[in-house]
Amino acid sequence: MQTIQDIIKILPFKKEFKEDLLKNYDTLTDDQRFSIERIVFDLYDGLYEARLEENMQLAFEAAKKNEEKLDHEFYQRVRLQTEKQLQEEFSKTETTVDLSETRGELQEILGQGK
């Protein structure tokens, strides 16, 4: 099971912002941590679900061409591939999507303003 800190590390935020968030996380109030956790999990879940849906479609297309087996492990293979892709993508780049609104919400919770 990944912790909130593990997820923050792989999300596509700027390096400095991630470091600041991780450094201050343990000193935040319970309300601040809860708010940050909700935002981070929602963001990760949205990115994961979008990628999973895309990978499922690709896997079904591959299965039509007999390039992928439709067995009892099909869904698990696609899920693992999706998780691996997300971690690789997030580790390669600081940000490839516009997360300014999410970053602003997190900074507001941390008391750093927008």
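Residues numbered from 1 in each chain as written. Predicted model: local features only at pLDDT ≥ 70, side-chain atom pairs only at ≥ 80, totals over all residues. Heavy atoms only, no water.

K.L.:
Even after reading the chapter, I still don't get the pattern of salt bridges, so can you show me in this structure?
P.N.:
Pairing is possible between side chains of opposite charge, provided their charged atoms come close. The full count for this structure, using the stated rule, is seven salt bridges. The partner of Lys 64 in a salt bridge is Glu 61, and the shortest N-O contact between them spans 3.5 Å. Remark: Glu 61 and Lys 64 occur in helix α3 (residues 30-64); sequence separation between them is three residues, near one turn of the helix. A residue is classified by how much of its surface remains accessible, and Lys 64, at 65% relative accessible area, is exposed. A residue is classified by how much of its surface remains accessible, and Glu 61, at 39% relative accessible area, is partly exposed. With a closest N to O distance of 3.0 Å, Arg 77 and Asp 71 form a salt bridge. The class of Arg 77 is partly exposed, set by a relative accessible area of 29%. By sharing partners, the salt bridges in this structure join Glu 68, Lys 69, Asp 71 and Arg 77 into a single network. (Salt bridge = Lys/Arg side-chain N within 4 Å of Asp/Glu carboxyl O. Helix = DSSP H or I, 4+ residues; strand = E, 2+ residues; numbered from the N terminus. Buried < 20%, exposed > 50% of the residue type's maximum accessible area, 1.4 Å probe, protein only.)

K.L.:
What exactly am I supposed to notice about the environment of Gln 57 here?
P.N.:
Within the element layout of this structure, Gln 57 appears in helix α3. Exposure remark for Gln 57: the relative accessible area of 48% places this residue in the partly exposed category. The spacing of Gln 57 and Val 78 is 21 residues in sequence and 10.0 Å in space, taken between C-alpha atoms.

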